[in-house]
Structure formats: C-alpha cells, structure tokens
Amino acid sequence: MILQKPLVHGRLQLKSRLVIPPMATQSSEHDLPGRATIAHYQKMAGNPLAGLLFTEHHYIDMQGKANPYQLSFASDKVIPYQQKLTAAVRAVNPELRFFAQINHAGINTSSYITGEKMVSASALSTGSGTSRALPAEEILQLEEKFAAAARRVKEAGYDGVEIHAAHGYLLNQFYSPLTNYRTDAYGPQNIETRLRFLTETIAAVRRAVGADFPVAVRLGGCDYMESGSTIEDAVRAAKILSSLDIDLLDLSGGLHIYTRPGHSEAGWFADMTTAVKAATSLPVILTGGVRTPQQAEELLQRKAADLIGVGRAMLRNPAWGVDA
Ligand SMILES: Cc1cc2nc3c(=O)[nH]c(=O)nc-3n(C[C@H](O)[C@H](O)[C@H](O)COP(=O)(O)O)c2cc1C
C-alpha cells in the first residue's frame, strides 16, 4: 500500500502517507494545553499507521484569537506547557512527526473574544461586526508575530510548524478576491499581491526557525464560489510557494472552510490537489471526506496527492486503518 510507504523530501521524513489534520478540540485551560488536550493528542498519536499529526490552530496574537478556548502561541509563557504536550506525544509514538498550526483569525472572530475591533484585508461586515483594513505597517508587525509564534513552536519541541492560510482566516482573506478590496501592494490585482502577506510571513518564519526546521503551509487554494479563488489560482499559488523555503503544501478550502458545496465524495478537493501536484515538486496533502483506507489508497494511486489527511474518521476511531 502506498499509504504505508515513507515520504522523504528534504527536511521532511515521514514514516507513512497518513496525516491526522488540524482539528480544534476547544479543550484549552487558560489558552494552554490542559489535561484533556494532552489526552486527546496522545490518543491520536496512538494510531500506529500515522506519519504526521497536526495540532489544532493556535493564535499568534490576541487580536487574531478565533474562539474562547483556542490555544495560544502568542507569548513565551506558553512554551513550558507546550513542551509537556510534545513530550507526552513523543512518549506514545516517537516515530510520529508532530507539527503545530499557527493562525490569525482576521474577521473570522468577534470583538467579544479579542477585546478589540476586528481586522482583515478590507473593511468588511459579517454577522459578528465590521473589520478595519490592516495598514501595511501592521501587516509587517503581524508577520513578525507569526515568526515569534513559529520560534516558540520550535522551542516547545515540535517537529515542524504549519502556517494557516485556509478556511477564511486572515491570510486567506488576503488571498481570496471575495474579501480583498485593497489598492496597495497587498491587493487583489494579481496572484503575487494576493499572496504577498503569506509569502512575507513565510520568509519571516524561516528567519525565526532557522534552516533546519520544517515549515508547512495550509492554503485555502479554491473558494469554489462565484468570483472566488479558483483551481487555476491554486496552481499559480503553489508554483510561487514552491519557489520559497517551505516543505509541505497542505491544501484545503477557502471561504467555504473545509467543505465543498454539493460534494461528499472521498477527497472532495482532489481536482485541485491533482492539478497542484502535477505543477509542483512540493509534497501535497489532500484532506476531506476520506473514511476508509481503501479510499485513501485509491487517491494516492491516482496521484491526487502525496499524503492523505483523515480527520473526523480518526476522531470517531483512533485505531483507524489498523485492522484494514
Ligand atoms: C472539529 C473540527 C475542528 C477543526 N479545526 C481545524 C483547525 O484548527 N485548523 C484547520 O486547519 N482545520 C481544522 N479543521 C478541518 C480539518 O483539518 C479537515 O480539513 C476537515 O475535518 C475535513 O477532513 P475530514 O473529512 O477527514 O474530517 C477542523 C475540522 C473539524 C471537524
């Protein structure tokens, strides 16, 4: 089975092609991993087939906190608590690679949670209020906050960091033409400007973590919405990202989050990931709707991706695939 074959790509060495994707547990205690958080990740790490486990998203700054129980990488104070989590996971499964995801929610939160007016690429309105457009100097400050969070991820003992640029959060709000109405160098005029915040963040993160530490990007490549980002955009974006110093491209949806309207088949983003995989040498992760090992194997065999994420099926059965 391809699913059980190792993947070696530069800094990335995974013992299999099975990925447990980021899934928010809402289990933090004062924004730190609590006993329930540690128990959850130990349970996931107990799957002997998995090669890569992601944490849920962590906020990089209070302004970008997505929900009251979100975990934090916004301060050095979290490092010793996060070290307990990485040690607990490593004790269960030393061969598993464990990456932490970092995020800024942008307008995808509320002022009740962050304590300040929401920010985004543009002045937007949602059910939870309006946002102000980030000025360029604040974008640069947030890039440094992503970098500081990534440095903390490394110091906490993780094997890699993932920058969240999917599911309608801040970096995705810059990438999607549906939420970016800017007129400056971060505007929607072309794919480079839509990606500029992300590409500058990647450079800042790389400076902060050094040359040896794996960096993944979760990109909401396609909105699957009228006038939104397209599969062609995802291919162009992947070419740009693959010219940067990153290790892994984790593709998911954009403003529709991780679902795709009208689709429930295993690997519902396979049309996007197949096109991206053919256009880049970066390893590509496909996640969404995979329920059985046979489905994962079939997607790998038809070169839809290099790695397959299994989320909710793994939550339902942490021994997923073991008896297959
Ligand atoms: C409860 C829950 C929480 C999630 N939290 C995150 C998250 O923190 N970051 C992220 O990138 N995706 C998150 N996702 C999306 C998953 O990573 C994955 O893309 C999605 O569940 C689809 O895969 P599946 O059909 O195998 O479950 C979450 C999904 C669920 C169900």
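Just so we're clear, the structure is a prediction, and the values are computed from it rather than from any experiment.

A.B. asks: Can you lay out the site of the ligand for me, pointing to particular residues and giving the numbers?
C.D. replies: Around the ligand lies a shell of 18 residues, among which P22, R218, G289, G311 and R312 are the nearest. Taking H164, its side chain carries an N or O atom lying 3.1 Å from an oxygen atom of the ligand. Taking 610 Å² as the accessible area of the ligand by itself, protein coverage stands at 88%.

A.B. asks: How would you summarise the side chain of H104 if you had to cite specific residues and measurements?
C.D. replies: With respect to the element layout, H104 can be found in the loop between β6 (97-103) and α3 (111-114). Looking at H104, its side chain comes within polar contact range of the main-chain nitrogen of G106, at 2.9 Å. Excluding its chain neighbours within four sequence positions, the residues that come into contact with H104 are I60, Q63, G64, V119, L142, F146, Y169 and L170.

A.B. asks: Hey, could you go over the pairing of strand β10 (residues 160-165) for me, with residue numbers and the actual values?
C.D. replies: Counting buried residues in β10 gives six out of six residues, a clear majority hidden from the surface. What you see with β10 is no split at all: G160, E162 and H164 on one side and V161, I163 and A165 on the other are buried throughout. Alignment of β6 against β10, held across four bridges, turns out to be parallel. Its bridge partner being in β10, F99 is matched across the sheet by G160.

A.B. asks: Tell me about unusual backbone geometry, and name the residues and values.
C.D. replies: Backbone geometry at Q26 places phi at a positive 55°, although glycine is not the residue there. Within the fold, Q26 resides in the loop between β3 (18-20) and α1 (35-45). Residue classification places Q26 among the partly exposed residues on the basis of a relative accessible area of 44%. Here K303, not a glycine, exhibits a phi torsion of approximately 60°, which is positive.

A.B. asks: Explain the sheet that holds strand β9 (residues 129-133) to me, and be specific about the residues and the numbers.
C.D. replies: Pairing is mixed across the open sheet formed by three strands, whose spatial order is β7-β9-β8. Whereas interior strands pair on both sides, the edge strands pair on one side only; in this sheet they are β7 (118-120) and β8 (125-126). Relative to β9, β8 is paired through two bridges, and the arrangement is antiparallel. Bridge assignment links T126 to a residue of β9, and that residue is G129.

A.B. asks: So what about the pairing of strand β4 (residues 52-59)? Which residues, and what values?
C.D. replies: Most of β4 is tucked away: eight of the eight residues are buried. Of the pairings in the sheet, the one linking β3 to β4 comprises two bridges and is parallel in character. Along β4, the bridge assignment pairs I20 with L53. Taken together, the six bridges between β4 and β6 define a ladder with parallel strand orientation. Bridge assignment links H57 to a residue of β6, and that residue is Q101. Pairing geometry for β4 and strand β5 (residues 71-72), over two bridges, is parallel.

How each quantity is defined
Residues numbered from 1 in each chain as written. Predicted model: local features only at pLDDT ≥ 70, side-chain atom pairs only at ≥ 80, totals over all residues. Heavy atoms only, no water. Near = heavy atom within 4 Å. Polar contact = N/O pair within 3.5 Å; in protein donor to acceptor, adjacent residues only side chain to side chain. Areas by Shrake-Rupley, 256 points an atom, 1.4 Å probe, with all protein chains shown as cover. Helix = DSSP H or I, 4+ residues; strand = E, 2+ residues; numbered from the N terminus. Contact = heavy atoms within 4.5 Å. Buried < 20%, exposed > 50% of the residue type's maximum accessible area, 1.4 Å probe, protein only. Pairing = 2+ DSSP bridges.

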